[in-house]
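# Structural characterization, general
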Amino acid sequence: MGSSTEIKKSICMGCHIHCRVEGHVVNGRLVKIEEDKAFPKAEAIRPIVRACPRARAFPDYVYHPNRLNFPLKRIGDRGDGKWREISWEETLDEIAAKLSDIKRKYGAEAIATSVGTARTHDEYRMRFLNLLGSPNNFGQGQVCYGPGSVISRAIYGWPDFYPAIGRSTKCVLILGANPEQAARGLWHALLSAQKEGAKLIVVDPRYTSTAQRADIWLQLRPGTDCALYLCMINVIIKEELYDKAFVNNWCYGFDKLAERVKDYDLDKVAKITWVPAQKIKEAAEMYAKTKPGVIVHTMGLEHLGANSIEAMHARYILTAITGNIDVRGGEEMRGHHPLLVPQYDIELNEKLSPEQRAKQLGSDKFRLLSKNGEALISQYAKSKMGTTHTTFAHAPTVFRAMLTGKPYPVRVLITAASNPLVIQPNTKLVYKAIKNLDLHVVQDFWMTPTAEIADYVLPAATWLERSSIFNYDDSVNFIYAGEPMIPSRVEGKYERRTDYDLWRGLGIRLGQEEFWPWETLEEALAYRLKPLGFTSVADFLQKRGGILIPPKEEKKYEKVGFGTPTGKVELYSTILEKLKYDPLPKYQEPVESPISMPELAKDYPFILITGGRIQPYYHSEWRQVDAARKKRPYPIVQINPETAADLDISDGDWVWIETPIGRIRQKCQLFDGIPPQVVHAEHGWWYPELPGEEPSLHGVWESNINVVINDEPQYCSSISGGWTLRGLLCKIYRAEGY
Ligand SMILES: Nc1nc2c(c(=O)[nH]1)N[C@H]1C(S)=C(S)[C@@H](COP(=O)(O)OP(=O)(O)OC[C@H]3O[C@@H](n4cnc5c(=O)[nH]c(N)nc54)[C@H](O)[C@@H]3O)O[C@H]1N2
Ligand SMILES: Nc1nc2c(c(=O)[nH]1)N[C@H]1C(S)=C(S)[C@@H](COP(=O)(O)OP(=O)(O)OC[C@H]3O[C@@H](n4cnc5c(=O)[nH]c(N)nc54)[C@H](O)[C@@H]3O)O[C@H]1N2
Ligand code: SF4
Ligand SMILES: [Mo]
């Protein structure tokens, strides 16, 4: 028999870059993933998969023997590790009956769902919840691109800009990001821009592989970004390096901003941030003079809790006052494609009654990134973007409601595409909260620590086993589509289903039939493509090669203005003001630091930063895949050699990392690219090879840094609710006997 090779096109869900890829399927088996060679590489150097090791390892992932195959129902106590296989229909019937019961007893808000970083079609989850009447989907929104997205919508009336590093880009300012490890597609774009002469400035407490390529590297004290950017703004205003025409015509509140930043002079900010004054000045001048420029900000800012929105606000002001908005080689305002049915419309947000919306947990306190803020922002922004954004309940508040019944009981959790026991801070609390529930359902590819404490575990189809459409959550006007490379069901071997199937399956059992006319995900996606003239994803792939990029239009604001109350870029945000927050960014000392908590710092003298991305892993994923695990068998804590010598710790020693709420251990790597007062611990660690049943739960208590991270309200941004994952206090010491 001859062999047949098919080339299938899809969108890699390996990270947020979502590169276009091709799969080589030989005799029905996926053997190789490569970049999509048909992908246009014109002006904007679009992210491409070139040499991304994780993308290439997906065949090992998708065929891994640990994959879940059929739904499982718990037969022992929760956490006993005893399961039996059960059919999909029975599972959905049983879960739906329980949901009905809980809704009757406690109201729909008692049913919560947990989502991770966007990797599936969550608009259908939202559709299910909105129709059910629950405002309580929670997850990573407050710490993963939510803060940047919501503040940019508030002050520009436009979603955050796609980091379109292109051939005309002359300067790239990377704030707390490490694309060399975290976003290979973007990294290649950056290297190409550098080849064409672009300058690179990197702000990071660690001398990362990205920082090593920088013209200027600012090694700042963790948590002090806001002060640094306000100081850069001060330099730019003082030296009159700002774009006067843009500021005069298109910015609101410049004078008030100029007044505010006077507090942030070079010498003072050098002391706050540990960055020498001269370097701050050089960076400000280089960024303001070398145009067009692009800013890439990521988790270094978003994970700062109390300072996160403020830092991001200052970051967007930098873009605005230098006039880098919507110009070739600068930061593009893409907006949503007018003909693609937006995710937001699929969600049916209008079906959630005002009374139920008001119950969203955390929205009274953290008002910007919640239903409250969304209502206000969308009044203005929607007319420009054609769509608005999804909001999230506040995870730490939801877990407390599960545990205490306050402000009202939450009794059910459906965890789909997330792993809260590993990636959410305060693991002990998360564990107790989940154990206290009436029902916990998990849909995943694997038996994770979170799945081990479920009542039902459902096998999910990966992106390689399903169709997709992607438009970066409605924030860009280009559209990608992908086809399944391999089947999700093989008679007698496995029956994995898409997340769509879960939400629809529950929806039709709970009286939502009329809203689920599409039997499959493919049909649902075809509905979104129809106004563009395509009959299906396959039709789109055939006619467009899986990608539609409308021509670029620059300076769109000249025609349409900005979607804010004043129609301008609100440096001084009237939306923040309406929500009773400071309308301008202001720096606060991190909630836990040797300065804000000197007493605590006596026992816990080091500043802990966590979660710097490492290439082989995606958060808590890939630990069971040999190709990844061989590259990084253990979790690593980076310690400056001076500090290690003082503490008698050697390279390769297991080290306890302890805070007032617990301790875990990771292996020491001596690293002189980190300040002596700072240590960096990896996140996402569990050990699939350790027993699944309690108390081990695959070793979730051993090396998982979130066990030691506090998420009490004071650790959360009062504006967005984002919790602090970087810039806390800890102590470290050698772990004897390991
Ligand atoms: N300490 C610390 N904690 C952090 C961070 C940090 O830097 N430091 N980073 C935070 C950030 S930014 C993020 S985004 C979160 C990540 O949080 P999560 O996204 O919850 O983390 P993952 O480990 O990726 O877990 C996702 C789970 O969903 C499964 N999955 C993947 N795709 C699908 C799918 O299509 N369908 C279904 N049903 N399941 C799927 C995976 O197998 C995995 O078990 O972690 C956060 N936690
Ligand atoms: N391989 C891999 N790739 C990923 C992921 C993954 O888990 N693995 N996760 C994906 C997800 S969901 C996300 S959100 C992105 C994150 O992508 P990035 O944000 O680019 O990556 P990180 O390594 O989390 O953080 C960037 C840098 O922030 C620095 N940092 C720590 N504290 C501070 C601070 O106070 N200020 C500043 N300025 N910097 C600080 C860290 O030293 C780190 O080098 O990566 C995505 N890509
Ligand atoms: S950079 Fe790598 S993992 Fe991320 S989307 Fe592209 S190919 Fe996938
Ligand atoms: Mo993230």
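These numbers were taken from a predicted model, which means no experiment stands behind them.

How each quantity is defined
In this convention, every chain numbers its residues from 1, walking through the sequence in written order. As a convention, the first chain written is A and the first ligand written is 1, with the rest following in written order. Thresholds applied to this predicted model are a pLDDT of at least 70 for local features of residues and 80 or more for the giving and counting of side-chain atom pairs; totals over whole chains, interfaces and linings are not thresholded and use all residues. By convention in this description, side-chain values take in all heavy atoms of the structure and omit both hydrogens and water. In this description, a nonpolar core means a group of buried Ala, Val, Leu, Ile, Met, Phe, Trp, Tyr and Cys residues linked to one another through side-chain atoms lying within 4.5 Å. Between buried and exposed lies partly exposed: a residue is buried under 20% and exposed over 50% of the maximum accessible area for its type, with that area taken using a 1.4 Å probe on protein chains only. Strands here mean DSSP runs of E at least two residues long; helices mean DSSP runs of H or I at least four residues long; both are numbered from the N terminus. For two strands to pair, DSSP has to find at least two bridges joining them. Contacts are assigned to residue pairs with any non-hydrogen atoms lying within 4.5 Å of each other. Each axis is a line fitted through C-alpha atoms, and for a helix only the stretch in contact is used; angles between axes span 0 to 180 degrees, taken between their N-to-C directions. Domain start and stop points were drawn from an automatic or database domain assignment. Simply put, the buried area is the total loss of 1.4 Å probe accessible area from both parts when two parts are fitted together. Put simply, a salt bridge is a Lys or Arg side-chain nitrogen that is within 4 Å of an Asp or Glu carboxyl oxygen. Throughout, the ten residues Ala, Val, Leu, Ile, Met, Phe, Trp, Tyr, Cys and Pro are labelled nonpolar, Asp, Glu, Lys and Arg are labelled charged, and all others, Gly among them, are labelled polar. By the definition adopted for this analysis, an angle is roughly parallel if under 35 degrees, roughly antiparallel if over 145, roughly perpendicular if from 65 to 115, and oblique otherwise. Each crossing gets its handedness from the near helix: less than a right angle anticlockwise from the far helix is left-handed, clockwise is right-handed. A molecule or strand has a residue near it when one of that residue's heavy atoms lies within 4 Å. Nitrogen and oxygen atoms within 3.5 Å of one another constitute a polar contact, given that in protein one can donate a hydrogen and the other can accept it, and given that sequence-neighbouring residues count only through two side-chain atoms. With residues, only the protein chains shown are counted as cover, and all accessible areas are computed by Shrake-Rupley using a 1.4 Å probe. Charge convention: Lys and Arg are scored as positive, Asp and Glu as negative, and His as well as the terminal groups of each chain are ignored. Take the number of residues in a helix, subtract one, and multiply by 1.5 Å to get its expected span.

The biggest cluster of nonpolar side chains holds 75 residues, and the ones touching the most others in it are Ile-233, Leu-257, Ile-321 and Leu-368. The element that contributes the greatest number of residues to this core is helix α8 (residues 225-238), accounting for 11 residues. Core analysis: the next-biggest nonpolar cluster, separate from the first, contains 58 residues, Trp-217, Val-294, Trp-463 and Tyr-618 among them.

Another aspect to go through is unusual backbone geometry. Most peptide bonds are trans, and most residues other than glycine sit at a negative phi. For the peptide bond that leads from Lys-406 to Pro-407, omega is 0 degrees, which places it in the cis range. When you line up the elements, Pro-407 lands in the loop between α18 (395-404) and β13 (412-416). Pro-695 follows Glu-694 through a cis peptide bond whose omega is 5 degrees. Tracing the chain through its elements places Pro-695 in the loop between β26 (678-681) and β27 (726-734). Within the chain, Lys-555 stands out as a residue other than glycine whose phi angle is a positive 45 degrees. You can see Lys-555 is positioned in the loop between β20 (547-548) and α25 (557-560).

With respect to topology, 3 strands assemble into an open sheet ordered β16-β17-β20, the strand pairing being antiparallel. Unpaired on one side and paired on the other, β16 (468-470) and β20 mark the two borders of the sheet. Here 2 bridges tie strand β17 (residues 479-482) to β20, and the two strands are oriented antiparallel to one another. Bridging across to β20, Ile-479 finds its partner in Leu-548. Its contacts with the sheet put helix α24 (residues 537-544) on β16, β17 and β20, and the angle it makes with β17 is roughly 115 degrees.

Here we come to the domain arrangement of the chain. The domains assigned to the chain are domain 1 (162-332) and domain 2 (598-734). Here the C-alpha centre of domain 2 lies 28 Å away from the C-alpha centre of domain 1. Contacts between domain 1 and domain 2 engage 20 residues on the former and 25 residues on the latter. With both sides pooled, the region where domain 1 packs onto domain 2 buries about 1800 Å², and carbon together with sulfur makes up 64% of that total. Among the residues of domain 1 in contact with domain 2, Gln-181, Arg-206 and His-303 are the three that bury the most area, contributing 34% of the side total. Summed over the shared surface of domain 1 and domain 2, the number is 0 salt bridges. Within the residue set of the side of domain 1 that touches domain 2, elements represented by two or more residues are α6 (179-182), α13 (299-302) and α14 (308-321). Per element, the largest residue contribution to the side of domain 1 that touches domain 2 is 3 residues, and it comes from α14. When its residues are assigned to classes, the side of domain 1 that touches domain 2 shows 10 nonpolar, 6 polar and 4 charged.

The subject of this paragraph is the packing of α8 against α14. Closest axis-to-axis distance for the α8/α14 pair is 8 Å, and the angle between their directions is 25 degrees. The angle between the axes of α8 and α14 places the two elements in the roughly parallel class. Crossing geometry of α8 relative to α14 is assigned as left-handed. From α8, Asp-225, Cys-226, Tyr-229, Leu-230, Met-232, Ile-233, Ile-236 and Ile-237 reach across to α14, where they touch Glu-310, Ala-311, Ala-314, Ile-317, Leu-318 and Ile-321. Along the lines of polarity and charge, the residues of the contact of α8 with α14 split into 12 nonpolar, no polar and 2 charged.

The next point concerns the pattern of salt bridges. For the structure shown, the criterion picks out 47 salt bridges. The salt bridge partner of Glu-702 is Arg-665, with a shortest N-O separation of 2.7 Å. Of the two residues, Glu-702 is situated in the loop between β26 and β27 and Arg-665 in strand β25 (residues 662-670); the sequence distance between them amounts to 37 residues. Via salt bridges that share partners, Glu-89, Asp-93, Arg-489, Glu-495, Arg-497, Asp-501 and Arg-509 belong to a single interconnected network.

Take the sheet that holds strand β5 (residues 83-85) next. The 7 strands are arranged β5-β4-β15-β14-β13-β6-β7 in an open sheet whose pairing can be described as mixed. A single partner strand is all that each edge strand has here, and the edge strands are β5 and β7 (137-138).

To continue, consider the site of ligand 2. In the vicinity of ligand 2 lie 34 residues, with Ala-182, Asp-225, Thr-298, Arg-613 and Tyr-617 positioned nearest. At 2.7 Å, a backbone N or O of Ala-182 approaches a nitrogen atom of ligand 2. Within the backbone of Gln-615, a nitrogen or oxygen atom sits 3.5 Å from a nitrogen atom of ligand 2. When ligand 2 sits alone it has 910 Å² of accessible area, and the protein chains cover 98% of it. Elements that contribute at least two residues to the shell around ligand 2 include exactly α6 and α13.

What follows is about the side chain of Glu-592. Mapped onto the elements, Glu-592 comes out in the loop between α26 (574-578) and α27 (598-603). Comment: no salt bridge for buried Glu-592; closest opposite-charge side chain is Arg-221, at 11 Å. Among the polar contacts made by the side chain of Glu-592, one reaches the side chain of Tyr-715 at a distance of 2.5 Å. Among all residues touching Glu-592, those that are not within four sequence positions of it are Met-597, Leu-600, Tyr-715, Gly-727, Leu-728 and Leu-729.

Quick look at helix α7 (residues 184-195) now. Spanning 12 residues, α7 covers 16 Å between terminal C-alpha atoms, matching the ideal 16 Å at 1.5 Å per step. Among the 12 residues in α7, 10 count as buried, and that is most of the element. For α7, every residue scored as buried is listed here: Arg-184, Gly-185, Leu-186, Trp-187, His-188, Ala-189, Leu-190, Ser-192, Ala-193 and Gln-194. Lining the buried residues of α7 we find α1 (53-56), β8 (171-175), α6, β9 (199-203) and β12 (293-297). Residue Gly-197 follows α7 closely and has a positive phi angle near 105 degrees.

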